[in-house]
Amino acid sequence: MTKIKDIAKQAGVSTATVSHVLNNTGRVGESTRQKVLEVINELNYKPNKIAKSLKIKKTSTVGVIAEDVTVFNTPDIIDGINEIAENSGLGILLSNLRIYKKMGIDFSQKEHMKELLSIAFDEMVKNQVDGIIYIGTYTRDVTDVIPANIPLPVVYTYCYTSNELDYTVNYDDEFAAYEATRHLIDSGHKEIALISGIIDSIPSHERFNGYRRALMDYGIPLNPSFVKTGDWEVDSGFILTEELLNLAKKPTAILALNDLMAFGSINAAKNRGLHVPDDISIIGFDNREFSAFTTPGITTMSIPLHQMGEKSMDMLKLLIANRNIDKKKIKLHCDLLKRESVSKK
C-alpha cells in the first residue's frame, strides 16, 4: 500500500509538502504541486478517509433529515442538496422520518414528534456527520419539536424556527401570491376569488396577505364573499368553486392556493358547462407535476425547490467551515409559469 512517505521520496519533497497538496493547505509552489500530483497518480495513491477524518475531525458527510421523502416538495430539495454535495466531494446520510405517512398534516402530536426527531438527530451525531439539513413536509414553525443543544450546525428548509440564531432557507409565499394575483389583474380581471388552504396554515396566511396586498395596490376592493377556505385537496377546490359560481356576482378569475384545489376548481367550472379560461380564469400554486398535463394546463407559481436544496447545502458548507453568514433567514422567489388556464378578460 502506497504511503505519503513513498510519494514524498519519489517526488523529492517532504511528507509535509505532500500533506499540504492532498489537503489543499499551506503554501506550495505550482510546479511542486503538479510534480506531487503526478507521483500520486503514478502510484495510484488512495487516501485513507477514515484516518483523515480522525485527524481533522471531519467526515465530509452531511446528514439530511427529511420528515417524509414521499411529499412532493422533498425529492427536488434533496436533489439540490445532492448536486452541491457531489460537486463538493461530500457524502450524504439520509434519514426519512415518514411523518406524512404516520400523521398526515396533523402536527398536534408534539411529544411523539419530539421523540422521533430526538432519535433522528442523535443518530446523525453518532454517525459523526459534519452538519445537518432538516427538511419539513409543510412550511411551519418546528421550534418546539427540535431537540435542544444540537452539537452540530443545522439548516432548516421548508420549515423554520422562532430562534433568530437558526439558519433557514424557504420561499416567499406572500410575494408569490402577490405575483399570481397581479398576473390576473394584468390580464384584465377585477373580480378575483381566492380558495385558501386550511385556516391555521402559515402558507395560507401569507398567500392570503399577498392576494390582499395586490388588490389594495391596484385599488380593487376585497369582496369577503370571494374568499373561501379549503383544505388543500381536490374536492375542496371543486366544492368551493361551486359555491363561488352560485353567487349572484360571480368571479371572473380564481386564485387557488395549490394546484390540487385549482384542478378541482377547473372540474367544477367544466361541470357547470363553463370553458376555462374563456369563461373563467384559474391559477394554481406549487407547480405540481400533473399541472402541466391537465386540460387546460394550469398556470401556477413554481416553488424553487431545487434551489432551496442548493442554498441549504451552500449555507451548511459555510457553517461547517466556521465561516460567518450575514443573512441567516433566506427567502427565495417563486416563478410564474404561464399555461392555458388564464386568459385576458
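Just above, that's the structure.
Source: prediction; values computed, not measured.

Visitor: Would you mind going over a negative patch on the surface with me for this structure?
Guide: Taken together, the side chains of Asp76, Asp79, Glu83 and Glu86 make up a negatively charged region of the molecular surface. Among the structural elements, Asp76 can be located in helix H5 (residues 74–87).

Visitor: Quick question: what am I supposed to make of the nonpolar core here?
Guide: Within soluble globular proteins, side chains that are nonpolar generally end up buried alongside one another. With 85 residues, the main nonpolar core has Leu117, Tyr134 and Met308 as its most contacted residues. In terms of residue count, the dominant contributor to this core is helix H12 (residues 305–320) (seven residues). Setting aside residues up to four positions removed in sequence, Met308 forms contacts with Ile77, Thr157, Tyr158, Val169, Asn170, Tyr171, Ile303 and Leu332. Formed by ten residues, the second largest nonpolar core is a distinct cluster that contains Ala11, Val36, Ile40 and Tyr45.

Visitor: Would you mind going over the state of the cysteines with me for this structure?
Guide: Formally, a disulfide is one covalent bond, and it connects the sulfur atom of one cysteine to the sulfur atom of another. One pass over the full model with this rule turns up zero disulfides. Of all cysteine sulfurs in the structure, the one in Cys334 sits closest to Cys159, which takes part in no disulfide; the separation is 16 Å.

Visitor: Just checking my understanding: could you explain the pairing of strand S5 (residues 167–171) for this structure?
Guide: Taking burial as the measure, the five residues of S5 include five buried ones, the bulk of the element. By the alternation rule, side chains of S5 split into Tyr167, Val169 and Tyr171 and Thr168 and Asn170, which are all buried. The sheet contact formed by strand S4 (residues 154–157) and S5 spans three bridges and is parallel. Bridging from a neighbouring strand, Val155 pairs with Tyr167 of S5. One ladder, built from four bridges, connects S5 with strand S11 (residues 329–332); its direction is parallel. Residue pairing for S11: Thr168 is matched across the bridge by Lys329.

Visitor: Explain the sheet that holds strand S7 (residues 227–229) to me, please; I cannot follow it from the model alone.
Guide: Working definition: the strands of a sheet are paired by backbone hydrogen bonds and lie parallel or antiparallel to each other. Judged by pairing direction, the sheet is parallel, and its four strands sit side by side in the order S7-S6-S8-S9 without closing on themselves. In the strand order of this sheet, the two ends are held by S7 and strand S9 (281–283), each with one partner. Along the sheet, successive strands turn relative to each other by an average axial angle of 15°, direction set aside. By the bridge criterion, three bridges tie strand S8 (residues 253–256) to S9 in an arrangement that is parallel. When the bridges of S9 are listed, Ala253 appears paired with Ser281. Along the sheet face, helix H9 (residues 202–217) touches strand S6 (192–196), S7 and S8 and points at about 170° away from the line of S6. Of the strands in this sheet, S6, S7 and S8 touch helix H10 (residues 234–245), which is tilted by about 150° from S6.

Visitor: Sorry, what's going on with the packing of aromatic side chains here?
Guide: Think of a pair of aromatic rings as described by two things: how far the centres are apart, and how the planes are tilted against each other in angle. Throughout the structure, instances matching the rule amount to six aromatic pairs. Consider the rings of Tyr158 and Tyr171, whose centres lie 5.7 Å apart with planes at 45°: the pair is tilted. Remark: Tyr171 occurs in strand S5 and Tyr158 occurs in the loop between S4 and S5; sequence separation between them is 13 residues. Exposure class is identical for Tyr158 and Tyr171. Each is buried. Among the aromatic residues, those joined into a ring-pair cluster are Phe121, Tyr134 and Tyr156. If you follow Arg207 out to its NZ or CZ, it ends over the ring of Phe285, 3.7 Å from the centre.

Visitor: Any chance you could explain the pairing of strand S2 (residues 91–96) here in plain terms?
Guide: Across six bridges, the pairing between strand S1 (residues 61–66) and S2 is parallel. Along S2, the bridge assignment pairs Ala66 with Asn96. Read as a crossover between parallel neighbours, the route from S1 over H5 to S2 is right-handed.

About the thresholds
- Residues numbered from 1 in each chain as written.
- Predicted model: local features only at pLDDT ≥ 70, side-chain atom pairs only at ≥ 80, totals over all residues.
- Heavy atoms only, no water.
- Patch = residues over 30% accessible without salt bridge, like charges linked within 9 Å, V, L, I, M, F, W, Y side chains within 5 Å.
- Areas by Shrake-Rupley, 256 points an atom, 1.4 Å probe, with all protein chains shown as cover.
- Salt bridge = Lys/Arg side-chain N within 4 Å of Asp/Glu carboxyl O.
- Lys, Arg positive; Asp, Glu negative; His and termini not counted.
- Charge placed at Lys NZ, Arg CZ, Asp CG, Glu CD.
- Helix = DSSP H or I, 4+ residues; strand = E, 2+ residues; numbered from the N terminus.
- Core = buried A, V, L, I, M, F, W, Y, C linked by side-chain atoms within 4.5 Å.
- Buried < 20%, exposed > 50% of the residue type's maximum accessible area, 1.4 Å probe, protein only.
- Contact = heavy atoms within 4.5 Å.
- Disulfide = S-S within 2.5 Å.
- Pairing = 2+ DSSP bridges.
- Axes fitted to C-alpha atoms, helices over the stretch in contact; angles between N-to-C directions.
- Phe/Tyr/Trp six-rings, centres within 6.5 Å; stacked < 30°, edge-to-face > 60°.
- Lys NZ or Arg CZ within 6 Å of the ring centre and 35° of its normal.
- Right-handed = clockwise from strand over helix to strand, strands pointing away.

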